[in-house]
Every structure is written in structure tokens, then in C-alpha cells.
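Take a look at the letters that make up each chain.
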Amino acid sequence: MSHIDLNKPPPNHTFSVSVDREETDAERNVRLFKDVALFVVALGFVILIAYLCYSTLNSATVSVEEKKWAMSILSAATGGIIGYLVRK
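Residues numbered from 1 in each chain as written. Predicted model: local features only at pLDDT ≥ 70, side-chain atom pairs only at ≥ 80, totals over all residues. Heavy atoms only, no water.

**Student:** Explain the overall build of the protein to me, please; I cannot follow it from the model alone.
**Tutor:** Each helix and strand counted, the protein has two helices and zero strands in total. Taking 12 Å as the expected radius of gyration for a compact globule of 88 residues, we find that the protein reaches 26 Å, considerably beyond that expectation. Dimensions of the protein, computed from C-alpha atoms along their principal axes, come out at roughly 80 × 35 × 15 Å. Buried residues in the protein amount to 3% of all 88 residues. As presented, the protein carries roughly 8400 Å² of accessible surface, and 65% of it is formed by carbon and sulfur atoms. Averaged over its 9 positive side-chain charges, the protein has a centre that lies 9 Å from the centre of its 9 negative ones. (Helix = DSSP H or I, 4+ residues; strand = E, 2+ residues; numbered from the N terminus. Rg over C-alpha atoms; globule rule 2.2 N^0.38 Å. Buried < 20%, exposed > 50% of the residue type's maximum accessible area, 1.4 Å probe, protein only. Areas by Shrake-Rupley, 256 points an atom, 1.4 Å probe, with all protein chains shown as cover. Lys, Arg positive; Asp, Glu negative; His and termini not counted. Charge placed at Lys NZ, Arg CZ, Asp CG, Glu CD.)

Structure, rendered in C-alpha cells:
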């Protein structure tokens with residue numbers, strides 16, 4: 001086993017030291033629950049907004065201006081989802 005003098009590291013080498021705290025099972029469960037709950041709430045809002053926009057577009061009693069707003073929101077949501085999936 002070789003020994004490395006930390007006062008003089010080998011050429012083209014660096015070193016770093018870190019101290020990390022391990023996550024307990026309870027902390028992990030809380031973090032995962034929070035992430036899943038946030039995802040479900042966000043997904044619910046997106047579905048609600050998409051439904052409201054779609055019902056606005058299919059309604060015969062709304063004005064043309066309201067339909068333009070609904071179409072813009074649906075287009076933005078679709079672009080955001082596609083951008084999130086493609087990640088470019």
C-alpha cells in the first residue's frame with residue numbers, strides 16, 4: 001500500500017475532504033412523502049387548469065377573447081411539459 005503526503009500531492013492531483021451526515025430512514029421517508037405530495041398537488045393543479053381551459057374552448061357561450069386566453073394557456077402548458085420531458 002502506498003502512502004501519499006498530503007502536504008505535497010502528486011503532480012496533476014488534488015484532494016478534498018468532506019464530512020457528510022447520513023440520512024436516517026425516518027428522514028428519508030419524510031423527504032419522499034413530501035416530494036410525492038408536492039408532485040401530486042402540482043399535477044392536480046395542472047390537470048384542473050387544463051380541464052378549465054379545455055371546457056372553455058368547447059363552450060359555446062364564451063367570447064372569442066376568452067378562447068384565445070384558454071388556447072394560450074394550453075399552448076404554454078404543453079410547451080412546458082414537452083420542454084421538461086426533452087430537457088433542452
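Still to come is the rest of the account.
**Student:** Just checking my understanding: could you explain the environment of K34 for this structure?
**Tutor:** By secondary structure assignment, the location of K34 is in helix α1 (residues 25-58). Judged by its relative accessible area of 55%, K34 falls in the exposed class. In this structure, the C-alpha to C-alpha distance between K34 and Y54, residues 20 residues apart in sequence, is 30 Å.

**Student:** Before we go on, may I ask you to explain the layout of surface pockets in this structure?
**Tutor:** The method is simple in principle: a probe with the dimensions of a water molecule rolls over the atoms, and the space it marks as empty is what remains. Reported here for the largest pocket is a volume of approximately 280 Å³. Taken together, F39, A42, L43, V46, A77, G80, I81, Y84 and L85 make up the full set of residues lining the largest pocket. Secondary-structure elements contributing two or more residues to the lining of the largest pocket are α1 and α2 (64-86). For the lining of the largest pocket, the leading source of residues is α2, giving five residues. Looking at the lining of the largest pocket residue by residue, the classes come out as eight nonpolar, one polar and no charged. (1 Å grid on protein atoms, 1.4 Å probe; cavity = no way out; pocket = protein on both sides within 12 Å on 5 of 7 lines; lining within 4 Å. Points joined across faces, edges and corners; volume = space filled by probe spheres on them. Nonpolar A, V, L, I, M, F, W, Y, C, P; charged D, E, K, R; others polar.)

**Student:** Is there a simple way to think about a nonpolar patch on the surface in this case?
**Tutor:** Together, V46, I81, I82, Y84, L85 and V86 make up an exposed nonpolar region whose accessible area comes to about 620 Å². Ranked by the residues each element gives to the nonpolar patch, the list is headed by α2, at five residues. Looking at where I81 falls in the secondary structure, it is placed in helix α2. (Patch = residues over 30% accessible without salt bridge, like charges linked within 9 Å, V, L, I, M, F, W, Y side chains within 5 Å. Salt bridge = Lys/Arg side-chain N within 4 Å of Asp/Glu carboxyl O.)

**Student:** Where do I start with unusual backbone geometry in this structure?
**Tutor:** Outside of glycine, negative phi angles account for most residues, and trans bonds account for most peptide bonds. One non-glycine residue with positive phi stands out, namely N12, at about 60°. On the secondary structure map, N12 appears in the segment before α1. By relative accessible area, which is 84% here, N12 ends up exposed.

Any functional reading would require information that these geometric values do not contain.
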